[in-house]
Amino acid sequence: MKENLILWNLFAVLLAGSAGVSAMTEPMRPWGDQGDGTYKNPVLYADYPDVDVEQVGGIYYMISSKQHMSPGIVFLESRDMVNWTTTGHVWPRL
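Note that the structure is predicted; figures quoted are calculated from it, not measured. (Residues numbered from 1 in each chain as written. Predicted model: local features only at pLDDT ≥ 70, side-chain atom pairs only at ≥ 80, totals over all residues. Heavy atoms only, no water.)

Draft legend 1. Spatial organisation of the sheet that holds strand β6 (residues 85-89). Across the sheet, which stays open at both edges, the four strands sit in the order β3-β4-β5-β6 with antiparallel pairing between neighbours. One side of each edge strand has no neighbouring strand; the edge strands of this open sheet are β3 (52-56) and β6. Mean inter-strand twist for the sheet, computed between neighbouring axes without regard to direction, equals 25°. (Pairing = 2+ DSSP bridges. Helix = DSSP H or I, 4+ residues; strand = E, 2+ residues; numbered from the N terminus. Axes fitted to C-alpha atoms, helices over the stretch in contact; angles between N-to-C directions.)

Quick look at the structure:
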């Protein structure tokens, strides 16, 4: 009886996880770049406290004091202030 209960719970967890994955593959995201020239806030769905943004030519650079689960002092780069990519950290590891 206990084994059946464990198997049913495992099945329920796997089923719930697969539903979440299919929802994330939809073309319209609930945040950021929508792929049609529009965007929704928040642009970055992450924790970036104490940000500073500077423009050099046509590129924007963002620095943040820390980020969850990262080495700290993260650098990001963007050409449109919507699509950001991480370019590095001050410290290479925690």
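Having seen the structure, we can now continue with the description.
Draft legend 2. Fine view of unusual backbone geometry. The step from Asn 41 to Pro 42 runs through a cis peptide bond, and the omega angle for that step is 0°. Looking at where Pro 42 falls in the secondary structure, it is placed in the loop between β2 (39-40) and β3. The phi torsion at Asp 50 lies on the positive side, around 55°, for a residue other than glycine. Note that Asp 50 resides in the loop between β2 and β3. One non-glycine residue, Met 81, lies in the positive phi region at around 60°. Along the chain, the position of Met 81 falls in the loop between β5 (74-78) and β6.

Draft legend 3. Focus on the nonpolar core. Counting residues in each nonpolar core, the largest one holds eight residues, listed as Val 43, Tyr 48, Tyr 60, Met 62, Val 74, Leu 76, Val 82 and Trp 84. Within the residue set of this core, elements represented by two or more residues are β4 (59-64) and β5. Setting aside chain neighbours within four positions, we find Met 62 in contact with Leu 44, Val 51, Asp 52, Val 53, Val 74, Phe 75, Leu 76 and Trp 84. (Core = buried A, V, L, I, M, F, W, Y, C linked by side-chain atoms within 4.5 Å. Buried < 20%, exposed > 50% of the residue type's maximum accessible area, 1.4 Å probe, protein only. Contact = heavy atoms within 4.5 Å.)

Draft legend 4. Representation of the environment of Gly 88. Relative to the helices and strands, Gly 88 is located in strand β6. For Gly 88 and Ile 63, which are 25 residues apart along the polypeptide, the C-alpha to C-alpha distance reads 9.8 Å. The residues touching Gly 88, leaving out its near neighbours within four places in the chain, are Ile 73, Val 74 and Phe 75.

Draft legend 5. Local environment of the side chain of Gln 34. Checked against the element boundaries, Gln 34 lands in the loop between β1 (32-33) and β2. By relative accessible area, Gln 34 is classed as buried at 5%. In this structure the side chain of Gln 34 is engaged in a polar contact, spanning 3.4 Å, whose partner is the backbone oxygen of Trp 31. (Polar contact = N/O pair within 3.5 Å; in protein donor to acceptor, adjacent residues only side chain to side chain.)

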